[in-house]
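# Analysis of the macromolecular model
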Amino acid sequence: MSEKRAYQIEISRFLSTSPEQIFLYWKGRVGLYAILKAMGIGKGDDVLLPAFTCVVVPNAILYLGARPVYVDVNPATFLPDLDSIKKSVTKNTKCILVQNTFGLSHQVDEICGFAKENNIYTVEDCTHGFGGTYKGKPNGSFSDAAFYSTQWNKPFSTGVGGFVYLRNTKFKADLIEVNKSLIPVTAQKNFALSVLIFLNQYLISDFTYWPLLKLYRFLSKVGLVIGSSSGTEITSTKMPSDFFMASSKVQHRQGLKALKTLENDLQLRKENALKINAWMRENGKRNVDDGFIPNHSFLKYPVLCKDRAVFTEKATESNIQLGDWFNSLLHPVQGSLAPWGIADQKEFPVAHRASKKILNLPTDGKKYEKLQSFLEKNKASIE
Ligand SMILES: Cc1ncc(COP(=O)(O)O)c(C=O)c1O
């Protein structure tokens, strides 16, 4: 059996589905684009999405000529509520993107139910939520299709990578047709990715994290290494010529390896996150409500900081591997979001405020005590 097939089988096992419903891509965003295209979404169509996401999400919509329509988030979940979604639906709404943010899914069944009643398609953005569950079912089990990411810092990583779980088989023939245009991965790209995966495994530690992260971001910005996003993806809404790329052998092999430890990794994240949550609650800081915990796989633990620059500096000194999702309504774009259809960010007050203050604590470390002592020392900086 090929490694590609074995990888699809392993993924399908986690999603309690069949490997025939799993489609692999070079990145998660490519999968999103493919599925929207297979749904026939294009000019004149609106796609609803959270105003607190990654810029590559509206990019996929814009590449197809459709219009992204943003919905502000609830401060407790960082996700749009069903009521806000209902208010944003227009006669042109063809699809609703239902995001899992930092591992949390909320109202997924209600949003998908509402969409179905109104002949609107749904796609779950489970890039943060593979391996987690919503109401006891694997994340991605409620919509017409779901897409996932295996980029760095995701539930499991293949360097970059992603896949689609197609639930509504009505779109299968169209998706297979769309996938015929996928660009094969060159030997050079395959090699570059395997080098990056190797370096990541052996060079990243608490001590090297910050300098290497800065170096990686710089090198990927200038196009010298395979990056999470190419320069043009964060500066324009034009599709890069090599965007629609297939998955690679290196990703299949690495994915199979990484999935072996996923269950343990998820458990560790949840244990750490619950300790962080208890600390936040004891100290009167923003925390996750008990009602959300069963539907949360805690890829990251977001905190709102009084002064983000200072908090980041302290974390660097203490060798804490902080994340900065979503430091923009459309992470990581800084400055004007007009090209993506957001003229005034203040129209989304909750997301706007959060984007100015948010940082994410790691949940995957084996040394929770170190994180707790950092939190104790910097208690006054956290909201
Ligand atoms: C919410 C969200 N959606 C989509 C993506 C895109 O995933 P990928 O980098 O695999 O294309 C990301 C990337 O981190 C994300 O955070």
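All figures in this text were calculated on a predicted structure; none of them were measured in a lab.

### Description of the site of the ligand
- As a structural note, the neighbourhood of the ligand is formed by 17 residues, with G28, R29, D125, S149 and K154 the closest of them.
- Between the ligand and K154 there is a distance of 2.6 Å, counted from an oxygen atom to a side-chain nitrogen or oxygen.
- When the ligand sits alone it has 390 Å² of accessible area, and the protein chains cover 97% of it.
- Counting residues per element, the ones that place at least two in the shell around the ligand are α2 (28-38), β3 (53-54), α3 (56-63) and β9 (145-149).
- Across the shell around the ligand, the residue classes tally to five nonpolar, eight polar and four charged.

### Observations regarding the domain arrangement of the protein
- In terms of domain boundaries, the protein breaks down into domain 1 (3-179), domain 2 (187-240) and domain 3 (262-381).
- In this structure, domain 1 and domain 2 have C-alpha centres spaced 24 Å apart.
- On the domain 2 side, the residues contacting the 14 residues of domain 1 number 17 residues.
- When domain 1 packs against domain 2, the two sides together hide about 1,300 Å² of surface, and 62% of this comes from carbon and sulfur.
- When residues of domain 1 are sorted by the area they lose upon contact with domain 2, W26, Y63 and W152 head the list and together hold 47% of the total.
- At the boundary of domain 1 with domain 2, the tally comes to one salt bridge.
- Inspection of the domain 1/domain 2 interface yields two residue pairs in polar contact (both at pLDDT 80 or more).
- Mapped by element, the contributors of at least two residues to the side of domain 1 that touches domain 2 are α2 and α3.

### A word on a nonpolar patch on the surface
- On the surface, a nonpolar cluster with roughly 620 Å² of combined accessible area is contributed by F191, V195, F198, L199, Y202 and L203.
- Residue placement: F198 occurs in helix α7 (residues 187-203).

### Description of the pairing of strand β2 (residues 46-50)
- Of all five residues in β2, five are buried; the element is thus mostly enclosed.
- Where β2 meets strand β4 (residues 67-71), five bridges bridge the pair, whose relative direction is parallel. Within the sheet, the bridge partner assigned to P50 lies in β4 and is V71.
- Direction of pairing for β2 relative to strand β5 (residues 93-99): parallel, over a ladder of three bridges.

### Topic: the packing of aromatic side chains
- The tally for this structure, following the rule as stated, stands at 20 aromatic pairs.
- Relative to F243, the ring of Y33 lies with its centre 5.6 Å away and its plane at 80 degrees, an arrangement referred to as edge-to-face. Here Y33 is found in helix α2, whereas its partner F243 is found in the loop between α9 (231-235) and α10 (249-259), with 210 residues between them in sequence.
- Classification of F243 as buried rests on a relative accessible area of 6%.
- Note on Y63 and F243: the rings are 5.0 Å apart at their centroids and 80 degrees apart in plane angle, and the pair reads as edge-to-face. One end of the pair, Y63, is in helix α3; the other, F243, is in the loop between α9 and α10, and 180 residues separate them in sequence.
- Y63 sits in the buried class, given a relative accessible area of 14%.
- These aromatic residues form a ring-pair network of at least three members: Y7, F14, F130, Y148, F156 and F163.
- Taking the ring centre of F142 as reference, the NZ or CZ of K137 above it sits at 5.4 Å.
- In this structure, K300 is placed above the aromatic ring of W325, and the distance from its NZ or CZ to the ring centre is 5.0 Å.

Cut-offs used in this document
- Residues numbered from 1 in each chain as written.
- Predicted model: local features only at pLDDT ≥ 70, side-chain atom pairs only at ≥ 80, totals over all residues.
- Heavy atoms only, no water.
- Near = heavy atom within 4 Å.
- Polar contact = N/O pair within 3.5 Å; in protein donor to acceptor, adjacent residues only side chain to side chain.
- Areas by Shrake-Rupley, 256 points an atom, 1.4 Å probe, with all protein chains shown as cover.
- Helix = DSSP H or I, 4+ residues; strand = E, 2+ residues; numbered from the N terminus.
- Nonpolar A, V, L, I, M, F, W, Y, C, P; charged D, E, K, R; others polar.
- Domains from an automatic or database assignment.
- Contact = heavy atoms within 4.5 Å.
- Buried area = accessible area lost by both parts, 1.4 Å probe.
- Salt bridge = Lys/Arg side-chain N within 4 Å of Asp/Glu carboxyl O.
- Patch = residues over 30% accessible without salt bridge, like charges linked within 9 Å, V, L, I, M, F, W, Y side chains within 5 Å.
- Buried < 20%, exposed > 50% of the residue type's maximum accessible area, 1.4 Å probe, protein only.
- Pairing = 2+ DSSP bridges.
- Phe/Tyr/Trp six-rings, centres within 6.5 Å; stacked < 30°, edge-to-face > 60°.
- Lys NZ or Arg CZ within 6 Å of the ring centre and 35° of its normal.

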